[in-house]
Each structure stands twice: as C-alpha cells, then as structure tokens.
Amino acid sequence: VAVQCREAQLVVTVHRDLFGNGRLVSAAELSLGPAACGHSRLDPARNTVTFSAGLHECGSTVQVTPDSLIYRTLLTYEPGPGSNPVIVRSNPAVIPIECHYPRRDNVSSGAIRPTWAPFKAALAARQQLLFSLRLMNEDWSAERAFSGFRLGDVLNLQAEVGTQSHVPLRLFVDSCVATLSPGAEASPHYAIIDFNGCLVDGRSDATSSAFVTPRPRQDVLRFQIDAFRFAGDPRNLIYITCHLKVTPAEQSPDALNKACSFSKARNAWAPVEGTRDICGCCEAGSC
C-alpha cells in the first residue's frame, strides 16, 4: 500500500496482491475511511487499485498538535463470500493511514534581497528530527517484509532518529502501549515499556522481552518482545504506540532518560548504559 500526501488530498494505491500470496483481491472488496469510499481508478496492467480523496472526505479525522496537522483514515479490506459459504480463505484487514503536515513554515521576501540568509534553511537542521519505529527481520539487517506473527514468536523492534546535521543524540523509548485500536489511550491496553524507559513486559512470567545491548549507534535503540494477544478477544490486529525522545549523546543517562531491562537470572533491573541505580525506580513503578 503506497500513500501520497498531497496539498489537499491523499492518494492511496493498493496492489491487488495485498497479502503477497499471489491471490488478487477484488477492487470492490476495498474501501477507504469510515464512509467506505470506493476506488477512483483500476489499473489492470499493474494490478493496482487507486483511491483519491480530499483530506476531509471519507470520514477521515484530523488531530492538531503544536507542530503538525495529522489526518487519519483507514483502508479496509472486507472479503466477499466465496462460492462455498461454509469456509473462508481470507481474513478482513484494516490498514491505518496517516498524513502529517507541518503547521509552521516561513515565507520570505529574500528573493529580492539576495544578501539575506533564507530563514527556513537556517532553522531546518536545528528543528527537524525524523523518528521511526520499525519491525525488523531476525538479524536486524532490514525491515520485516511481513508483519504477521504467531504466539511464541519474537518481535524485533528498532527505534531510530535521523539526526542529519544535528549535534550527536542518544535515543530513548519513553513508553510503549499495545491496544486493539489506534491510540495509546484506547481500552483495553497493555504497557510494554513504562516509567520513562522500563521494559515492564520483561517482568512478566515466561517472557524474555528486553532491550538489545550494546546499541549499534547512539541514535538507535533495539528491543525484543514476545508475541502476545489480548485474552478473551478474538481480534488479532494489535497496535503498538511508542513515545520516543532524545537527549544530547554526551548527557549521562538518568532515571528519566534510560533503557532498562529486567534480568530473571539476576532478579534485577539493568540499563543498556549508565549505572544500575537509574533503574531502581522501575521496580517501584514511579520514576
């Protein structure tokens, strides 16, 4: 699924081999947003279905943050009944889609005063940090192509920040929450990382969840969690929402800026870097 965030609309292009198994989905089984908007173009040669909609159309929602306008919608796949109604060979799917637009920009008359330094260029490197959180393959060499898991599998998650020309930075994962619908406040929810960098899922029985040490770089942090599902709920699509932050690389980790895992062998918390005392608040649950 490819998304283009344009000035006043979003364009979603879906390959009909949606699950990568060679079985092509029907364009009629795909819809955009809560309003279930239909596709605008079908390309038989490329086997793609394209949706074009205004940012406020098809039931999309908008969130205003201090720095961004975030438009959210959903691409829904609802398979039709097959020739034999007794069995099904495909599950429904819901794919969240977001478009982010900066709220602040600069317009300058610098074109007629060429001796001025463009204001936007002067601030770009200082203000913009590009955070990412990705599911990785087993050896961490690339992003995982398939996001399906079975109970007993291990999820490799890599948090990263693009520092560009910024001063050296150290990345931390402040919190991570698993939910059955988008958003960290949804219910039910399960805390994976809490208390400013404590991987609390590793404290549970029969789990090996932990941060990976050492880091490959200061602006990258890796962690592994054992696959799970919510008890008593048949849904198998889980959303993980994490809060990432950075500090100057030269700043020593502390109780508010840390990455701590629980070691069952030692029955103690240990940090990826820094002194052990910074993890003391993880057990108390208040940092």
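Above this text sits the structure in question.
Numbers given for residues are sequential positions, taken from 1 along each chain in its written order. Note on the predicted model: pLDDT of at least 70 is required for a residue's local features to be given, and 80 or more for side-chain atom pairs to be given and counted; whole-chain, interface and lining totals, by contrast, use all residues. The side-chain figures draw on all heavy atoms in the structure; neither hydrogens nor water molecules are used.

What follows deals with the sheet that holds strand β2 (residues 9-15). If you trace the 4 strands from one edge of the open sheet to the other, you get β1-β2-β5-β4, paired in antiparallel fashion. Each edge of the sheet is formed by a strand with only one pairing partner; in this case those strands are β1 (2-5) and β4 (41-43). Mean inter-strand twist for the sheet, computed between neighbouring axes without regard to direction, equals 15°. Here β4 pairs with strand β5 (residues 48-54) via 3 bridges, running antiparallel. Only when DSSP finds a minimum of two bridges between them are two strands counted as paired. By the criteria applied, helices consist of DSSP H or I runs no shorter than four residues and strands consist of E runs no shorter than two, each listed in order from the N terminus. The axes used here are C-alpha line fits, helices contributing only the stretch in contact, and every angle between their N-to-C directions lies in the interval 0 to 180 degrees.

Another point: unusual backbone geometry. Looking along the chain, the bond that leaves S187 and enters P188 is cis, with omega of 0°. Relative to the assigned elements, P188 resides in the loop between β11 (169-179) and β12 (189-193). In this structure, the amide linkage connecting T213 to the following residue, P214, adopts the cis form with an omega of 0°. With respect to the secondary-structure elements, P214 resides in the loop between β13 (210-211) and β14 (220-226). The phi dihedral of N47 falls on the positive side, at around 55°, and the residue is not glycine. Residue position: N47 is located in the loop between β4 and β5. We call a residue buried when its accessible area falls under 20% of the maximum for its residue type, exposed when it is over 50%, and partly exposed in between, using a 1.4 Å probe and counting protein chains only. According to the relative accessible area criterion, N47 is partly exposed, its value standing at 22%. Positive phi, normally seen in glycine, also occurs at N267, with a value near 55°.

If you look at soluble globular proteins, the nonpolar side chains tend to sit buried side by side. By nonpolar core we mean a set of buried residues, namely Ala, Val, Leu, Ile, Met, Phe, Trp, Tyr and Cys, connected to one another through side-chain atoms within 4.5 Å. Core analysis: the biggest nonpolar cluster contains 21 residues, and V173, I193, F211 and F223 have the highest contact counts within it. Those elements that place two or more of their residues in this core are β10 (154-162), β11, β12 and β14. The contact partners of F211, leaving out residues within four places of it in the chain, are I193, G197, L199, L221, R222, F223, A259, C260, S261 and V272. Core analysis: the next-biggest nonpolar cluster, separate from the first, contains 20 residues, A53, C58, Y71 and C99 among them. Any pair of residues with heavy atoms lying within 4.5 Å of one another is described as a contacting pair.

Note on aromatic pairs: the rings of Phe, Tyr and Trp (six-membered ring only in Trp) are paired at centre separations within 6.5 Å, and the planes decide the class, stacked below 30 degrees, edge-to-face beyond 60, tilted for the rest. For the structure shown, the criterion picks out 6 aromatic pairs. Through pairs of rings, three or more aromatic residues link up here, namely Y190, F228 and F230. For a lysine, the NZ atom is tested; for an arginine, the CZ atom; a charge sits over a ring if that atom is within 6 Å of the ring centre and within 35 degrees of the ring normal. Over the ring of F262 we find R203, and its NZ or CZ is 4.1 Å from the ring centre. Across from the ring centre of F172, 5.3 Å away, lies the NZ or CZ of R215, which sits over that ring.

The subject of this paragraph is the sheet that holds β13. Taken in spatial order, the 4 strands line up as β9-β10-β14-β13 in an open sheet, and their pairing is antiparallel. Strand pairing shows two members of the sheet lacking a second neighbour, β9 (130-136) and β13, which therefore form its edges. By the bridge criterion, 2 bridges tie β13 to β14 in an arrangement that is antiparallel. Residue pairing across strands places F211 opposite F223, the latter belonging to β14.

Turning our attention to the pattern of salt bridges. By salt bridge we mean one thing: a side-chain nitrogen of Lys or Arg within 4 Å of a carboxyl oxygen of Asp or Glu. Taken as a whole and assessed by the stated rule, the structure comprises 9 salt bridges. With its nearest N and O atoms 2.8 Å apart, the salt bridge here joins R72 to E98. Note that R72 is positioned in strand β7 (residues 68-77) and E98 in strand β8 (residues 93-102), a separation of 26 residues in sequence. Classification of R72 by relative accessible area gives partly exposed; the value is 30%. Residues E273 and R215 are paired through a salt bridge, measuring 2.9 Å at the closest nitrogen-oxygen approach. Taken as a pair, E273 in the loop between β17 (268-271) and α2 (280-284) and R215 in the loop between β13 and β14 lie far apart in primary sequence, 58 residues in all. Of the two residues examined, E273 and R215, each falls in the buried class. Salt bridges linked by common partners bring R134, E143, E160, R217 and D219 together as one network.

Examined bridge by bridge, β1 and β2 share 4 bridges and lie antiparallel to one another. Residue pairing across strands places Q4 opposite V11, the latter belonging to β2. Between β1 and the antiparallel strand that follows it, β2, lie 3 residues.

In short, geometric facts, not functional conclusions.
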